[in-house]
Amino acid sequence: MHTSILKQVPKGEDLTRAVLEQEEYESARQIKAQVQRGLDASNDPNAPRTAHADFMAELKTELMSRIDAR
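In this text, all values refer to a predicted model and were calculated from it rather than measured experimentally.

Procedures and definitions
- Residues numbered from 1 in each chain as written.
- Predicted model: local features only at pLDDT ≥ 70, side-chain atom pairs only at ≥ 80, totals over all residues.
- Heavy atoms only, no water.
- Helix = DSSP H or I, 4+ residues; strand = E, 2+ residues; numbered from the N terminus.
- Buried < 20%, exposed > 50% of the residue type's maximum accessible area, 1.4 Å probe, protein only.
- Areas by Shrake-Rupley, 256 points an atom, 1.4 Å probe, with all protein chains shown as cover.
- Salt bridge = Lys/Arg side-chain N within 4 Å of Asp/Glu carboxyl O.

Caption draft 1: Spatial organisation of the overall build of the protein. Secondary structure assignment for the protein yields 3 helices and 0 strands. The buried share of the protein, reckoned over its 70 residues, is 1%. When the accessible surface of the protein is split by element, carbon and sulfur atoms take 58% of a total near 6,700 Å².

Pasting the structure below:
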């Protein structure tokens, strides 16, 4: 079993590339979270986000209008 796992572990340049890709992904995730916190803190109504409750209300309205259109 150990040999099959070891065969999946990248080596050499592939390992370096995998580590760099993971670091880029993690950095992008942290930046996105930081931007979202900033938008939340700004209380800007034009910020590009939708509260869950608002989204669900809009979804319900859209679904009900589609059902009524049938």
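Caption draft 2: Inspection of the pattern of salt bridges at higher detail. Enumeration according to the criterion identifies 3 salt bridges in this entry. The shortest N-O distance in the salt bridge between Arg29 and Glu26 comes to 2.5 Å. Remark: Glu26 and Arg29 occur in helix H2 (residues 13-42); sequence separation between them is 3 residues, near one turn of the helix. On the basis of relative accessible area, Arg29 is assigned to the partly exposed category, the value being 43%.

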